[in-house]
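The primary structure of each chain is shown beneath.
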Amino acid sequence: MASLRVLCCAVLALSIFSACVFTVTAADTPVLRPWPAFFQSNFIVNKISSGLLGVPGIVHYDEMLGQRTDYTVKCAFGGDPSAPCTIQMTPANAPNFGIFLLTGPQRDECCVLFPTLGSFPRNWTQVLDYSGDTYAYGRPVQAFTDGGPAPHTLYVEAGSQTPVFISPEMWQWQTGYVEIAQNPALFKLPSSCASRTPCASSSSFTHKPTTPFF
C-alpha cells in the first residue's frame, strides 16, 4: 500500500510538472512584431548553388507605397545574374498591381514576374510561427517559418527581433530596420510596366512566393 501511495504521488507530481512546463512554454512562445511602417535595409545574398556569393542589395519599404529591392551588382532573383536589377512590388490599391522585374541601365525595362501578388502589409510577419532557437552566422537567433511548400524562414535576434537571415532567398541582413521615411519616387513604376509583359523567368517558378522577400 505504501509503495502504491508513493507511485500515485509520483505520477501526480509528474502530471503537475508537465502541465506547468506546457503552460510556461505556450505563454512564452515568441511572436514576431509587425514590420515598421517604413524602413530600408542592406543585405548580401549567398546562394552557393547559383554561384552568387556576397551579392549586395538594399530593400526599401513603405506600407502605403510598396516595396523595392535593388540588386546593384548582380540580379539575384528573376533576372540575368550577370547584370543589376530591381524588384518592384506594388500595394493592393495600386492601379498597376503586381511584382515587377526592372532591368536596363536606367531600370526602365519592365516585365511582370507575378501579376497577382504585390507588397505585403506590415503584419505579414505574424503568419510566421516560431520554430525554435538556433544559430545563424555564429549569432544566437530565433527562427520563424511559414511552413509552406517552399518554406520561408526568418531568423532574428531575440528581444530586438533584428533580422539576421532569411531563406530560401539567402539574404544575410547587414543592417536592421533603418526607420527613415522613403522617397516616393523610389516606388514609381516606369511607363514600360503598363504593358504588363510577362517575364521569361515567370514560368520557371515551381512555387509562387508567399512572403515579400526578393
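This structure is a prediction, so every number in the text was calculated from the model and none was measured.

Undergrad: Any details on the packing of aromatic side chains? Residues and values, ideally.
TA: Following the criterion strictly, the structure yields 13 aromatic pairs and no others. Ring geometry for Y155 and F165: centres 5.9 Å apart, planes at 40°, overall tilted. With Y155 in strand β9 (residues 153-156) and F165 in strand β10 (residues 163-167), this pair connects stretches of sequence that are 10 residues apart. For F165, a relative accessible area of 11% corresponds to the buried category.

Undergrad: Which residues make up the layout of surface pockets, and what values go with them?
TA: When its volume is computed, the second largest pocket comes out at roughly 160 Å³. Taken together, 14 residues line the second largest pocket, and the ones lying closest to its centre are R33, P34, S160, Q161 and Y177. Grouping the amino acids of the lining of the second largest pocket by side-chain chemistry returns 7 nonpolar, 5 polar and 2 charged.

Undergrad: Describe the sheet that holds strand β5 (residues 99-103), naming the residues involved and giving the relevant values.
TA: Reading across from one edge, β6-β5-β4-β3-β2-β1-β11-β10-β9-β8-β7 is the order of the 11 strands in this open sheet, with antiparallel pairing throughout. The two strands at the open ends of the sheet, each matched to only one other strand, are β6 (109-114) and β7 (129-136). Mean inter-strand twist for the sheet, computed between neighbouring axes without regard to direction, equals 25°. Here 5 bridges tie β5 to β6, and the two strands are oriented antiparallel to one another. Across the sheet, residue T103 finds its bridge partner in β6, namely E109.

Undergrad: Lay out the pattern of salt bridges with the relevant residues and their values.
TA: Tallied over the entire structure, the rule returns 2 salt bridges. Between E157 and R139 there is a salt bridge, with the nearest N and O atoms lying 2.2 Å from each other. With E157 in the loop between β9 and β10 and R139 in strand β8 (residues 139-145), this residue pair connects regions lying 18 residues apart in the sequence. A relative accessible area of 25% places E157 in the partly exposed class. We classify R139 as partly exposed; its relative accessible area is 31%.

Undergrad: Residues and numbers for the environment of P91, please.
TA: Of note, P91 is situated in the loop between β4 (85-89) and β5. Beyond its immediate sequence surroundings of up to four residues, P91 is in contact with M64, L65, G66, F97 and S119.

Undergrad: Requested: an account of the environment of A92, with residues and values cited.
TA: For A92, the location among the structural elements is in the loop between β4 and β5. Distance in space between the C-alpha atoms of A92 and F120 is 8.3 Å, their sequence separation being 28 residues.

Undergrad: Requested: an account of the side chain of E169, with residues and values cited.
TA: Considering the arrangement of structural elements, one finds E169 in the loop between β10 and β11 (171-173). Buried charge without a salt bridge: E169, with K47 as the nearest opposite-charge side chain at an N-O distance of 7.1 Å. For E169, the side chain forms a polar contact with the side chain of H152, separated by 2.7 Å.

Rules used throughout
Residues numbered from 1 in each chain as written. Predicted model: local features only at pLDDT ≥ 70, side-chain atom pairs only at ≥ 80, totals over all residues. Heavy atoms only, no water. Phe/Tyr/Trp six-rings, centres within 6.5 Å; stacked < 30°, edge-to-face > 60°. Helix = DSSP H or I, 4+ residues; strand = E, 2+ residues; numbered from the N terminus. Buried < 20%, exposed > 50% of the residue type's maximum accessible area, 1.4 Å probe, protein only. 1 Å grid on protein atoms, 1.4 Å probe; cavity = no way out; pocket = protein on both sides within 12 Å on 5 of 7 lines; lining within 4 Å. Points joined across faces, edges and corners; volume = space filled by probe spheres on them. Nonpolar A, V, L, I, M, F, W, Y, C, P; charged D, E, K, R; others polar. Pairing = 2+ DSSP bridges. Axes fitted to C-alpha atoms, helices over the stretch in contact; angles between N-to-C directions. Salt bridge = Lys/Arg side-chain N within 4 Å of Asp/Glu carboxyl O. Contact = heavy atoms within 4.5 Å. Lys, Arg positive; Asp, Glu negative; His and termini not counted. Polar contact = N/O pair within 3.5 Å; in protein donor to acceptor, adjacent residues only side chain to side chain.

Read these as spatial facts, not as claims about activity.
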